[in-house]
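The residues making up each chain are set out below.
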Amino acid sequence: MRLLVYRPDGNIAPWADDFARCLPQAQCVAWSEGARLPPCDYAVVWAPPEAMLRELAEVKAIFLMGAGADAIMKHAGTLPAHVPIVRLGDAGMGVQMGEYVAHAVLRYFRRFDHYVDQAAAGEWKPLATHERESFSVGVMGAGALGRRVLDCLRPFGFPLQAWSRSAKEIDGVRSFAGDDGLDAFLRGTRVVVCMLPLTDATANILNRTNLAKLPRGAYVINVARGAHVAEPDLLAAIQSGHIAGATLDVFRNEPLPRQHPFWDEPRITITPHIAALTLRDESVRQIAGKIGQLERGEPVADVINRELGY
Ligand code: NDP
């Protein structure tokens, strides 16, 4: 069995080592533009270039090294239609997302950002607290990772809500669905957490119009993709005082350019796309398991729906 392994940074050796342990019958090969690719059974890729996808018409499946499919779906026209694209399902990312979002929510709720500033200024001053009962947290996207985040937030007792394409029944969570449910979801959300996949339907969803529907003093957390946020609109909403601040892990251009105005806005907390890192061990184990299922003719989970784009 031959696996094509591709990452934009070219560092495939650790992946090949892990596959050698988990799937000893597999030989891993690299791709380079212009060089002849030997016939491969499967591809395991992240952010593949279009030229590479043209050579994958014969593989049995393309596995992604991450949860988001946007980087491959932007080449949807080139992708061989019959080849399943399989994303990672959690693979250790859910717990990381839970940590990140819970930290950002609690930091805002308990005003730790202010206490850090006060401590730096040698100031001892207890601040008024937020009211838990009205501190609603709304997660956009109730998928594999969104649900893990809701699970992590549940013990704190905030009113929880989720917005997704189809309605959900999740313990202790008020569900809103589809375009019709978006307004009511936003109007009742104090902290909005974006955990949507990036598709034509969700790009720019946190724009001026939708940010204005959040209550005054709302807080924005984006751990999905930079293009979900209309960046100038968010900055204007923060500077006007309508939005209290934001914690952003993802940006339209990454690394975030040094001259980007977000760096100079103290109410925006920036992290370098680390909310949930791909854990190679767990990912390789999961992909090897799914290859086994496909080889036995069994169905696999986490196949991208080409029509929906996620
Ligand atoms: P899933 O595909 O499992 O879930 C997506 C959720 O979004 C589903 O609940 C889906 O609804 C909902 N959704 C999709 N389209 C719409 C729409 N048009 N309107 C309303 N709801 C919609 O994704 P994951 O939870 O696994 O991951 C979410 C995203 O997190 C990834 O796509 C990726 O972009 C990002 N990510 C970021 C990382 C980071 O480090 N910052 C790391 C890993 C992932 P339904 O349930 O009805 O289908």
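Note that this is a predicted model, so its numbers are computed, not measured.

**Overview of a nonpolar patch on the surface**
Link 1 in the chain: Taken together, the side chains of Ile274, Leu277 and Leu279 make up a nonpolar region of the molecular surface, amounting to roughly 210 Å² of accessible area.
Link 2 in the chain: In this structure, Leu277 sits in the loop between β12 (268-270) and α10 (280-295).

**Concerning unusual backbone geometry**
Link 1 in the chain: The amide bond that connects Glu254 to the next residue, Pro255, takes the cis arrangement and shows omega of -5°.
Link 2 in the chain: Relative to the assigned elements, Pro255 resides in the loop between β11 (243-248) and β12.
Link 3 in the chain: Backbone geometry places Ala47, a non-glycine residue, at a positive phi of 45°.
Link 4 in the chain: Looking at the secondary structure, you find Ala47 in the loop between β3 (42-45) and α2 (50-53).
Link 5 in the chain: You will see that Asp302, though not glycine, has its phi angle at about 70°, which is positive.
Link 6 in the chain: With respect to the secondary-structure elements, Asp302 resides in the segment after α10.

**A look at the side chain of Gln118**
Link 1 in the chain: With respect to the secondary-structure elements, Gln118 resides in helix α5 (residues 112-120).
Link 2 in the chain: With sequence-adjacent residues up to four places away left out, Gln118 is seen in contact with Glu123, Lys125 and Leu127.

**Some thoughts on the sheet that holds β3**
Link 1 in the chain: Taken in spatial order, the 5 strands make up an open sheet running β2-β1-β3-β4-β5, and their pairing is parallel. Strands with a single pairing partner mark the edges of an open sheet, and in this sheet they are β2 (27-29) and β5 (85-86).
Link 2 in the chain: In this structure, strand β1 (residues 2-6) lies alongside β3, joined through 4 bridges in parallel fashion. The residue bridging Val5 from the neighbouring strand is Val44, located in β3.

**A look at the site of the ligand**
Link 1 in the chain: Close to the ligand lie 30 residues, the nearest being Ala142, Leu145, Ser166, Lys168 and Tyr310.
Link 2 in the chain: Within the backbone of Leu145, an N or O atom sits 2.8 Å from an oxygen atom of the ligand.
Link 3 in the chain: Between the ligand and Lys168, the relevant distance is 2.7 Å, taken from an oxygen atom to a side-chain nitrogen or oxygen of the residue.
Link 4 in the chain: Contact with the protein chains hides 92% of the accessible area of the ligand, taken as 950 Å² for the molecule alone.
Link 5 in the chain: Broken down by secondary-structure element, the contributors of at least two residues to the shell around the ligand are α4 (93-109), α6 (144-153) and β7 (160-164).
Link 6 in the chain: A total of 3 residues in the shell around the ligand trace back to one element, the largest contributor, which is α6.

Parameters and conventions
Residues numbered from 1 in each chain as written. Predicted model: local features only at pLDDT ≥ 70, side-chain atom pairs only at ≥ 80, totals over all residues. Heavy atoms only, no water. Patch = residues over 30% accessible without salt bridge, like charges linked within 9 Å, V, L, I, M, F, W, Y side chains within 5 Å. Areas by Shrake-Rupley, 256 points an atom, 1.4 Å probe, with all protein chains shown as cover. Salt bridge = Lys/Arg side-chain N within 4 Å of Asp/Glu carboxyl O. Helix = DSSP H or I, 4+ residues; strand = E, 2+ residues; numbered from the N terminus. Contact = heavy atoms within 4.5 Å. Pairing = 2+ DSSP bridges. Near = heavy atom within 4 Å. Polar contact = N/O pair within 3.5 Å; in protein donor to acceptor, adjacent residues only side chain to side chain.

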